[in-house]
Amino acid sequence: MSAVFALAGCQRDVAPSESGPARFASSGHQAVEVPVASNVAPRITSAFQTARDIGPGHSARVNVRAMDPEDTPLRYVWEATVGTLGKPTALADGSEARWTAPACVDARKTPVVHVRVTNAAGLETLQTFTLSWTGPTCAPTRSRLKSASNVVATKLDGRPAQREPGADSW
C-alpha cells in the first residue's frame with residue numbers, strides 16, 4: 001500500500017515502512033499527506049431528449065451518456081411516471097430509450113422519465129427528463145377494489161382471512 005504526499009508543487013508516492021507509517025523528509029520543506037479520493041458517483045456527461053412537448057401516441061427518444069471516475073462499468077435503469085418505455089439500447093458510453101405517450105394523462109401527473117446510473121460500488125446519479133403534456137387529461141381513477149376474487153389476505157395470527165359473502169371489505 002502506498003500513500004500520496006505533496007511537496008512544494010510536486011507529488012510523490014511513498015511506501016510505508018515495515019516499522020511504521022510512510023514518511024517523507026526533505027530539508028527546508030514539510031511533507032504533507034494528500035488524502036486519496038474515495039469512490040464517487042458516476043457523472044452525467046450529456047443528456048438529450050428529442051421532444052419536450054408531446055401529445056397522445058407520439059414518442060421521444062431520451063439518452064444519457066455518463067462516465068465513472070474510477071472507470072468501473074455502469075448500469076442504467078430507466079423508469080417512467082406514465083406512458084411506455086421501450087427496451088433501452090446500450091451506447092458506447094451511455095444508454096437510450098424510447099418513451100411513448102399514452103392516450104391521456106391524469107391532470108395530477110407530469111410525464112417524467114428517470115434514468116439511474118449506478119457504478120460498481122453502488123453509487124448512483126439520477127437524470128430526469130420532464131415532458132410537457134399537450135394532450136387530453138384522463139378522468140381520475142378510483143383506487144377502490146371492485147372485485148376481491150383475486151385477493152388473498154392473511155390475519156395477523158397467520159390464519160387465512162375469510163370474506164363475508166356480499167361484503168365490500170375484509
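1. Some points on the overall build of the chain
Regarding its fold elements, the chain presents 0 helices and 15 strands. Relative to its full complement of 170 residues, the chain shows a buried share of 25%. Of all intrachain contacts in the chain linking residues separated by at least 6 positions in sequence, the fraction that spans at least 24 positions is 56%. For the chain, the computed accessible surface area is about 11900 Å², with 51% contributed by carbon and sulfur atoms.

2. Section: the nonpolar core
Counting 19 residues, the largest nonpolar core has I54, Y76, W78, W99 and V113 as the members making the most contacts within it. Elements represented by at least two residues in this core include exactly β6 (59-67), β7 (75-80), β10 (94-100) and β12 (112-118). The dominant element in this core, judged by the number of residues it contributes, is β6, at 4 residues.

3. Remarks on the state of the cysteines
The full count for this structure, using the stated rule, is 1 disulfide. Each sulfur in the disulfide pair C104 and C138 lies 1.7 Å from the other. Judged by the sign of its S-S torsion, about 105 degrees, the cystine formed by C104 and C138 is right-handed. Residue C104 is found in the loop between β10 and β11 (105-106), and its partner C138 is found in strand β15 (residues 137-138); the two are separated by 34 residues along the sequence. With a relative accessible area of 28%, C104 lands in the partly exposed category.

4. What to know about the sheet that holds strand β13 (residues 124-130)
Here we have 3 strands laid out as an open sheet, ordered β7-β12-β13, and antiparallel in their pairing. One side of each edge strand has no neighbouring strand; the edge strands of this open sheet are β7 and β13. Neighbour to neighbour, the strand axes of the sheet diverge by 20 degrees on average, direction disregarded.

5. Structural notes on the packing of aromatic side chains
Scanning the entire structure with this criterion turns up 1 aromatic pair. For the ring pair W78 and F129, a centre distance of 6.2 Å and an interplane angle of 20 degrees mean the geometry is stacked. Of this pair, W78 sits in strand β7 while F129 sits in strand β13, placing them 51 residues apart in sequence.

Cut-off values and rules
Residues numbered from 1 in each chain as written. Predicted model: local features only at pLDDT ≥ 70, side-chain atom pairs only at ≥ 80, totals over all residues. Heavy atoms only, no water. Helix = DSSP H or I, 4+ residues; strand = E, 2+ residues; numbered from the N terminus. Buried < 20%, exposed > 50% of the residue type's maximum accessible area, 1.4 Å probe, protein only. Contact = heavy atoms within 4.5 Å. Areas by Shrake-Rupley, 256 points an atom, 1.4 Å probe, with all protein chains shown as cover. Core = buried A, V, L, I, M, F, W, Y, C linked by side-chain atoms within 4.5 Å. Disulfide = S-S within 2.5 Å. Pairing = 2+ DSSP bridges. Axes fitted to C-alpha atoms, helices over the stretch in contact; angles between N-to-C directions. Phe/Tyr/Trp six-rings, centres within 6.5 Å; stacked < 30°, edge-to-face > 60°.

Purely spatial values, then, with no claim about function.
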